[in-house]
Amino acid sequence: MFVNQYDVIVVGGGHSGSEAALAASNLGSRTLLITTNLYNIGQMSCNPAMGGIAKGQIIKEIDALGGYSGIITDKSIIQFRMLNKSKGPAMWSPRAQCDRFKFSKEWRLTLEKNVNLDLYQDTVIDLIIKNYKVIGVKTIFGIFIKSKSVILTNGTFLNGIIHIGNKKNNGGRISENSVKGLTEKLKKMGFLSGKMKTGTSPRLDGNSLNYSKMIEQLGDSPIEPFSYLSKLNIKNKKKCYITYTNVKTHKLLREKFNKSPLFNGNIKCVGPRYCPSIEEKIYRFSNKENHQIFVEPEGVNTREVYINGFSTSMPEKIQYKALITIPGFEKAKMIRPGYAIEYDYFPPTQLKNNLETKLIENLFFAGQINGTTGYEEAAAQGLIAGINANLKINEKKPFIIKRNEAYIGVLIDDLIYKGTEEPYRMFTSRAEYRILLRQDNADERLTNIGEKLGLVSFDRIKKLEKKRKKIKKCLFFFKKKKINYIIANNFLSKKENIKICDLLSRPEIYINDIIKYSLIKDFIKKNNINKKILEQISILIKYKGYLLKEEENVKKMLRLENIRIPNNFNYNKVKSISIEAMEKLINYKPNSIGEASRISGVSPSDISILILFLRKKI
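A quick note: this is a predicted structure, and the numbers were derived from the prediction, not measured. Starting from 1, residues in each chain are numbered consecutively following that chain's sequence as written. Residues qualify for local features only when their pLDDT is at least 70, as the model is predicted, and side-chain atom pairs are given and counted only at 80 or more; totals for whole chains, interfaces and linings, by contrast, use all residues. Derived side-chain values reflect all non-hydrogen atoms in the structure, with water molecules and hydrogen atoms excluded from consideration.

Assigned secondary structure in the chain consists of 20 helices and 22 strands. Throughout, the radius of gyration refers to the C-alpha atoms, and the reference size of a globule is 2.2 Å times the residue count to the power 0.38. A compact globule built from 618 residues should have a C-alpha radius of gyration of about 25 Å, and the chain, at 26 Å, falls within 12% of that. Viewed in the frame of its principal axes, the chain has a C-alpha envelope of about 80 × 75 × 55 Å. Each residue is placed in one exposure class: buried if its accessible area under a 1.4 Å probe, protein chains only, is under 20% of its type's maximum, exposed if it is over 50%, and partly exposed if it falls in between. Counting only residues that meet the buried cut, the chain has 57% of its 618 residues in that class. In the chain, of all internal contacts separated by at least 6 residues, the share reaching a separation of at least 24 is 72%. Method for areas: the Shrake-Rupley scheme with a 1.4 Å probe, in which residue coverage is limited to the protein chains shown. Of the roughly 28,400 Å² that the chain leaves accessible, carbon and sulfur atoms contribute 51%. Going along the chain from the N terminus, every DSSP run of H or I of four or more residues is numbered as a helix, and every run of E of two or more is numbered as a strand. Whether two residues are in contact is decided by their heavy atoms, any of which lying within 4.5 Å being enough.

Right, dumping it as structure tokens:
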């Protein structure tokens, strides 16, 4: 039934597990993906959307490295929007509303096409460990399967408990059983675990809603694909809508707070700070009279709509009574209630920066098991874990993305060195080099890295080189050529013979203001320069000073990375650092000053003292 021994076993078929399985198998590892239900592979358990603030950048980065989340998203888009366009380009974030049924189907088809990958429907309840090294798994049916490495991507299924009012059921997702045994096994091996909470919104019958009372939300056109390989002619297929809660909604829910497991003590763990339930929003922002609600279609061929902004674990009847107070929902029919879910996670400070556990060799964790929230964060971790599992069993150096190279680097670095006590969500503000980590240049940052790993095709490299040549040629043209531009100033105007790049560097001048000039128009047409390249040229010119400053900051950071800390370094000899810093440094065992500086509780003064001590020793 199975091969004698797999190279990699991936446990879980969500966003993290799917990326991990494809990465490992594409790199040549004989891989097995085990999941409780093969029909739910790549399931969008919560909102039917990919991308968003900082998350869109992550999907672009996954794609640039040779992952598949961007490709699958492009195949299932029903509406696209570029968020934060009114802000600077570091903040621009692509987001796609998806057909959740097509999304899951495309993931399944993509996985099945890989000849190096086997799929199996079963539930892993135990790990086979010998001398603190994982050598396989055991399933609920008592089947033992050998493997050189294992990646756990269990999502919300580890001892998951679903809450709707005072009702509690074991489950990792509605109508799907939780997984028991793994947490207990890992704790016996010395792992620390905790609990987190997440939740989802009710689903309504779209035909029962009155959209005339809501604000129509259209998608951007033309649509910008997530994948740099995409040749699809993608169109917006569905509209989204916005409505608002009101005083009546809030009063009704506030009066029933005692029925909410979040307030009556049934749920004791922490939920996502930046995606709170409607109960939490009403409680935390008591002076606010309304909250925005997004009505999002679940697909092209379904009436089901997702009510974004109304995550709740209230009893079904109270959910319904509150919903019908919202404009447009007066005659709403509820298809599925919202619910909260508690689940086990393992603080990610127990991992190495390749996502391998410190305690058990060749055992990797990825996704919500590490305390993150969101499809995008999970997929990114899955990709990195899949790559590193392959590298580890082939005795190759681990693949580590730095903070200055990608949001994925920021994500993993934050988890490993800072840990998290609440569901971790990526934001642009978490990345100190965000102007370098834009969504438009993920291919330039990461595609060559993906090629070296063996995940990126020759076609993708050719496309990137073609793009780079066009950017270089366009920049040279803009720096050399002048145009007569009419500068308007109050009631006066004058012609100015000015270099294109100097003109474009002015804050009030945009690329669309100058491409109408025949000199530029002819150049663009002759060299087939598209809108995306022009947009990127504009960014490179307008933000040149900021980009240079960021690059200087990166060099300073890399200098710290180059100051190595010897293995088995005795921190007790460094007398002047704080007790907290000493405890953290002994626990984490950083390889460099750069890594030490990112550990929570280690202050800049501690780092300065450590550098002086190391230099004396050198």
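With that settled, consider the sheet that holds strand β14 (residues 215-217). At least two DSSP bridges between two strands are needed for those strands to be called paired. Read across the sheet, six strands follow the order β14-β15-β16-β17-β13-β18 without closing on themselves; strand pairing throughout is antiparallel. Edge strands, defined here as strands with exactly one partner in the open sheet, are β14 and β18 (334-336). Sheet twist, expressed as the average angle between the axes of neighbouring strands with direction ignored, equals 35°. A fitted line through C-alpha atoms represents every axis, and for helices the fit uses only the stretch in contact; the resulting angles, taken between N-to-C directions, go from 0 to 180 degrees. Sitting on the sheet, helix α8 (residues 316-323) touches β13 (203-205), β17 (304-308) and β18, and the angle it makes with β18 is about 140°.

Only protein atoms enter the 1 Å grid, on which a cavity is a set of points fitting a 1.4 Å probe that cannot get out and a pocket is an open set with protein on both sides within 12 Å along at least 5 of 7 lines, lining residues being those with an atom within 4 Å of a point. Grid points are joined across faces, edges and corners, and a volume is the space filled by probe spheres set on the points. The space that makes up the second largest pocket amounts to roughly 1,000 Å³. Around the second largest pocket, the lining comprises 31 residues; the ones closest to its centre are Tyr228, Ser230, Lys463, Asn530 and Lys532. Among the secondary structure elements, those contributing two or more residues to the lining of the second largest pocket are α11 (442-453), α12 (458-480) and α16 (531-542). Residues are grouped as follows: nonpolar covers Ala, Val, Leu, Ile, Met, Phe, Trp, Tyr, Cys and Pro; charged covers Asp, Glu, Lys and Arg; every other residue, Gly included, is treated as polar. Considered class by class, the residues forming the lining of the second largest pocket number nine nonpolar, eight polar and 14 charged.

Here strand β7 (residues 124-130) pairs with strand β8 (residues 133-139) via six bridges, running antiparallel. From the neighbouring strand, Asp126 faces β8, where its bridge partner is Lys138. Where β7 folds back on β8, the antiparallel hairpin that results is connected by two residues, among which Asn131 adopts a positive phi of roughly 50°.

On to the environment of Ile129, then. Positionally, Ile129 belongs in strand β7. Along the primary structure Ile129 and Arg559 are separated by 430 residues, whereas in three dimensions their C-alpha atoms are 40 Å apart. Beyond its immediate chain neighbours, meaning those up to four positions away, Ile129 contacts Val134, Lys185, Met189 and Ile360.

Bringing the packing of helix α9 (residues 375-393) against helix α10 (residues 407-418) into the picture now. Following both chains from N to C, one finds α9 and α10 inclined at 85°, their axes separated by 10 Å at the closest point. Taken together, the axis directions place α9 and α10 in an arrangement best described as roughly perpendicular. Residue-level contacts link Glu377, Ala380, Gln381 and Ile384 of α9 to Ile408, Leu411, Ile412 and Leu415 of α10. Among the residues forming the contact of α9 with α10, the class breakdown is six nonpolar, one polar and one charged. These descriptions rest on fixed angle ranges, namely under 35 degrees for roughly parallel, over 145 for roughly antiparallel, 65 to 115 for roughly perpendicular, and the rest for oblique.

Here we come to the environment of Glu106. Assignment of secondary structure puts Glu106 in helix α4 (residues 100-112). Glu106 gets classed as buried once you look at its relative accessible area, which sits at 13%. Residues Glu106 and Gly409, spaced 303 residues apart in sequence, show a C-alpha to C-alpha distance of 27 Å. When neighbours within four sequence positions are excluded, Glu106 is seen to be in contact with Ile72 and Lys75.

Our next topic: empty space enclosed by the protein. Scanning all chains against the criterion turns up one cavity of 30 Å³ or more. Taken as a whole, the largest cavity encloses approximately 40 Å³ of empty space. Forming the boundary of the largest cavity are Ser45, Ile174, Thr200, Arg203, Arg336, Pro337 and Tyr339. Classifying every residue of the lining of the largest cavity gives three nonpolar, two polar and two charged.

Before going further, it helps to examine the sheet that holds strand β11 (residues 167-170). Pairing is antiparallel across the open sheet formed by four strands, whose spatial order is β11-β10-β19-β12. Two strands in the sheet have a free side with no partner beyond their single neighbour: β11 and β12 (194-200). Taken over all neighbouring pairs, the strand axes of this sheet differ in orientation by 25° on average, direction set aside. As defined by bridge partners, strand β10 (residues 161-164) adjoins β11 across four bridges and the pair is classed as antiparallel. Within β11, the position partnered with Ile161 by the bridge is Asn170.

Turning next to the packing of helix α2 (residues 55-65) against α11. Across the interface, α2 lies against α11 with an axial gap of 7 Å and an inter-helix angle of 35°. When you trace α2 past α11, the crossing you get is right-handed. For the pair formed by α2 and α11, the contact residues are Lys60, Glu61, Ala64 and Leu65 on the first element and Ala442, Asp443, Arg445, Leu446, Thr447, Ile449 and Gly450 on the second. By residue class, the composition of the contact of α2 with α11 is five nonpolar, two polar and four charged. Take the far helix as the reference: if the near one is turned anticlockwise from it by less than a right angle, the crossing is left-handed, and if turned clockwise, right-handed.

The next point concerns the side chain of Glu535. Tracing the backbone through its elements, the reader meets Glu535 in helix α16. With a relative accessible area of 13%, Glu535 lands in the buried category.

Within this document, salt bridges are pairs made up of a side-chain nitrogen of Lys or Arg and a carboxyl oxygen of Asp or Glu, the two lying within 4 Å of each other. By the definition in use, this model includes 42 salt bridges. A salt bridge links Lys197 to Glu280; its shortest N-O distance comes to 3.7 Å. Residue Lys197 is located in strand β12, and its partner Glu280 is located in helix α7 (residues 278-284); the two are separated by 83 residues in the primary sequence. For the pair shown, Lys197 and Glu280 are each scored as buried. Linking Arg403 and Glu432 is a salt bridge whose minimum nitrogen-to-oxygen distance equals 2.9 Å.

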